Amino acid sequence: VREGLKKLFQTNEEVLMLASTGTGAMDATVSNLFSPGDTVITVNAGKFGQRWTKIAQAYGLRAVELTLEPGRAPQISQIETLLRAHPESRAVLFQASETSTGVQLPTREICELVRRQPGCLAVVDAITALGVFDLPMDAWGIDVLITGSQKALMLPPGMACIALSQRAWEAQSRSRLPKFYFDLAREHKAHLKNQTAWTPATAQIIGLQESLRLIHEEGLQNIFARHARLALATREGVKALGLDILANDSPSTAVTAVRVPAEILDGKRIPRTMRDKHGVIIAGGQDELEGKIFRLSHFGYVGPFDVITGLAALEMTLFELGYKKFEFGDATGAALRVFSENP
Ligand SMILES: Cc1ncc(COP(=O)(O)O)c(C=O)c1O
């Protein structure tokens, strides 16, 4: 499992397995890398970016937040301006894919920028990105890379994985924030002996062994291509119904967030009808986006006919809820065309 994780993270560093959900690894990042009063830049492209801010503040850091409109990705120049205004920044914390809005962030470009600022780390929450699209940790100079078992690892929730670069380990050794359960140095030492610091989440690790077998059998680049094709088909399907994608400029390969059309007054009925009437589970919007968007995921143990089934159920649901500006088969037809034209 340790070797398989390194290949998945595309790193020579040890990947640590924590018995927690993804947020545990985000929490561990902050408590292990920083000291009270440190300044960090957080990129809030949605709910999970905002979580970086909240965790940093909970640990007494000064979080300088770049707040974006829902559906927008940051411009590199915006982060550059913040780094120039705050040269003392210890890190830029962001999501590779912001699940709440379906935005994909320019991870490679952000890492390149951060590299030029001495003492500043690039911290990437890749919970709905790692294993979905290419994020080569060592090649891109990612300092912290995080994922969670319930996403592209195709497991139940309950395990987080985190890898630190050498620069991040140096920061870890200098950090003065209190840590105990999530002491990553202690966890690292245990992993080198094929152990974990505390009781291992054995069911997750055994499941992960099988997920990693599936992943490496298919091949990372093949998986990324499959996900890109499924994402494109989903977007084309949705657009063929006359609907708008929230993150139109920078859509995520992991999840497509769609604006609820004006004809449907209660947007929360879309995921409910999909699930209760048609047996297809999708997600609604969270917080201020509740009732305003719905989200379709297209990564992990999925193929073209999962997308087709989802879009067929969506067509029926929209029609039943009063949105009728399309012909049946528009979404599924557009998706089938993408699959046929991109074999
Ligand atoms: C991008 C991102 N970050 C963080 C989290 C939080 O992870 P968890 O709910 O496993 O704690 C999620 C969960 O969906 C996520 O998608």
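Since we're looking at a predicted model, the values are computed, not measured.

Parameters at a glance
Residues numbered from 1 in each chain as written. Predicted model: local features only at pLDDT ≥ 70, side-chain atom pairs only at ≥ 80, totals over all residues. Heavy atoms only, no water. Helix = DSSP H or I, 4+ residues; strand = E, 2+ residues; numbered from the N terminus. Rg over C-alpha atoms; globule rule 2.2 N^0.38 Å. Buried < 20%, exposed > 50% of the residue type's maximum accessible area, 1.4 Å probe, protein only. Contact = heavy atoms within 4.5 Å. Areas by Shrake-Rupley, 256 points an atom, 1.4 Å probe, with all protein chains shown as cover. Near = heavy atom within 4 Å. Polar contact = N/O pair within 3.5 Å; in protein donor to acceptor, adjacent residues only side chain to side chain. Nonpolar A, V, L, I, M, F, W, Y, C, P; charged D, E, K, R; others polar. Disulfide = S-S within 2.5 Å. Phe/Tyr/Trp six-rings, centres within 6.5 Å; stacked < 30°, edge-to-face > 60°. Salt bridge = Lys/Arg side-chain N within 4 Å of Asp/Glu carboxyl O. Pairing = 2+ DSSP bridges. Axes fitted to C-alpha atoms, helices over the stretch in contact; angles between N-to-C directions. Parallel < 35°, antiparallel > 145°, perpendicular 65-115°, else oblique. Left-handed = near helix turned anticlockwise from the far one by under 90°.

**Some details on the overall build of the chain**
Now for step 1: Looking only at helices and strands, the chain has 13 helices and twelve strands in total.
Now for step 2: Relative to the globule expectation of 20 Å for 343 residues, the C-alpha radius of gyration of the chain, 20 Å, shows essentially globular dimensions.
Now for step 3: Within the chain, buried positions represent 56% of all 343 residues.
Now for step 4: Considering only intrachain contacts with a sequence separation of at least 6, the fraction spanning at least 24 residues in the chain is 69%.
Now for step 5: Only carbon and sulfur atoms are counted for the fraction: they give 51% of the accessible area of the chain, which is about 14,800 Å².

**Considering the site of the ligand**
Now for step 1: The ligand sits among 14 residues. The nearest are Thr21, Thr23, Thr99, Asp125 and Gln150.
Now for step 2: Between the ligand and Thr99, the relevant distance is 2.5 Å, taken from an oxygen atom to a side-chain nitrogen or oxygen of the residue.
Now for step 3: Burial of the ligand by the protein amounts to 88% of the accessible area it has alone, namely 390 Å².
Now for step 4: If you list the elements that add at least two residues to the shell around the ligand, you get helix 2 (22-33) and helix 3 (47-58).
Now for step 5: Looking at the shell around the ligand residue by residue, the classes come out as three nonpolar, eight polar and three charged.

**Some points on the state of the cysteines**
Now for step 1: Scanning the entire structure with this criterion turns up zero disulfides.
Now for step 2: Left without a disulfide partner, Cys111 is nearest to the cysteine sulfur of Cys120, which lies 10 Å away.
Now for step 3: Given the relative accessible area of 1%, Cys111 is considered buried.
Now for step 4: Residue class for Cys120 comes out buried when judged on its relative accessible area of 0%.

**Comments concerning the packing of aromatic side chains**
Now for step 1: This model, assessed by the stated rule, comprises six aromatic pairs.
Now for step 2: Note on Phe180 and Trp198: the rings are 5.4 Å apart at their centroids and 35° apart in plane angle, and the pair reads as tilted. Here Phe180 is found in the loop between helix 7 (166-174) and helix 8 (184-192), whereas its partner Trp198 is found in the loop between helix 8 and helix 9 (202-218), with 18 residues between them in sequence.
Now for step 3: Look at Trp198 and you get partly exposed, because its relative accessible area is 23%.
Now for step 4: A ring pair is formed by Tyr181 and Phe182, whose centres lie 5.2 Å apart and whose planes are at 75°; its orientation type is edge-to-face.
Now for step 5: Following the ring pairs from residue to residue traces out a cluster consisting of Phe180, Tyr181, Phe182 and Trp198.

**A few points about the pattern of salt bridges**
Now for step 1: Taken as a whole and judged by the stated rule, the model has 19 salt bridges.
Now for step 2: Between Glu290 and Lys268 there is a salt bridge whose closest N-O contact spans 3.6 Å. Of this pair, Glu290 sits in the loop between strand 11 (283-284) and strand 12 (293-297) while Lys268 is found in the loop between strand 10 (255-259) and helix 11 (269-278), placing the two residues 22 residues apart along the sequence.
Now for step 3: Counted as one network, the salt bridges with shared partners bring together Arg2, Glu3, Lys6 and Glu14.

**Focus on the sheet that holds strand 1 (residues 15-18)**
Now for step 1: The seven strands lie next to each other as 1-9-8-7-4-2-3, forming an open sheet whose pairing is mixed. The sheet is open, and its two edges are formed by strand 1 and strand 3 (62-67), each paired on a single side. Between one strand axis and the next, the sheet turns by 20° as a mean value, whatever way the strands run.
Now for step 2: Relative to strand 7 (residues 121-125), strand 4 (residues 91-95) runs parallel, the two sharing five bridges. The residue of strand 7 that forms the bridge with Ala91 is Leu121.
Now for step 3: With respect to the sheet, helix 7 is in contact with strand 1, strand 7, strand 8 (144-148) and strand 9 (160-164), its orientation differing from that of strand 9 by roughly 95°.

**Examining the packing of helix 12 (residues 304-320) against helix 13 (residues 330-341)**
Now for step 1: Between helix 12 and helix 13, whose axes approach to 8 Å, the crossing angle comes to 160°. Viewed along their axes, helix 12 and helix 13 adopt a mutual orientation that is roughly antiparallel. Like other packed secondary-structure pairs, helix 12 and helix 13 cross with a definite hand, here right-handed. Contact residues: Pro304, Val307, Ile308, Leu311, Ala312 and Glu315 in helix 12; Asp330, Ala331, Thr332, Ala335, Leu336 and Phe339 in helix 13.
Now for step 2: Taken together, the residues of the contact of helix 12 with helix 13 break down into nine nonpolar, one polar and two charged.

**Notes on helix 1 (residues 2-9)**
Now for step 1: The buried count for helix 1 comes to six of eight residues, which makes it a mostly enclosed element.
Now for step 2: Phi turns positive one or two residues past the end of helix 1, at Gln10, with a value near 55°.

**Thoughts on unusual backbone geometry**
Now for step 1: Even without a glycine there, the phi angle at Met154 is positive, about 65°.
Now for step 2: You can see Met154 is positioned in the loop between strand 8 and strand 9.
Now for step 3: Under the relative-accessibility criterion, Met154 is labelled partly exposed at 29%.
Now for step 4: In this structure, Asp287 is a non-glycine residue whose phi angle is positive, near 50°.

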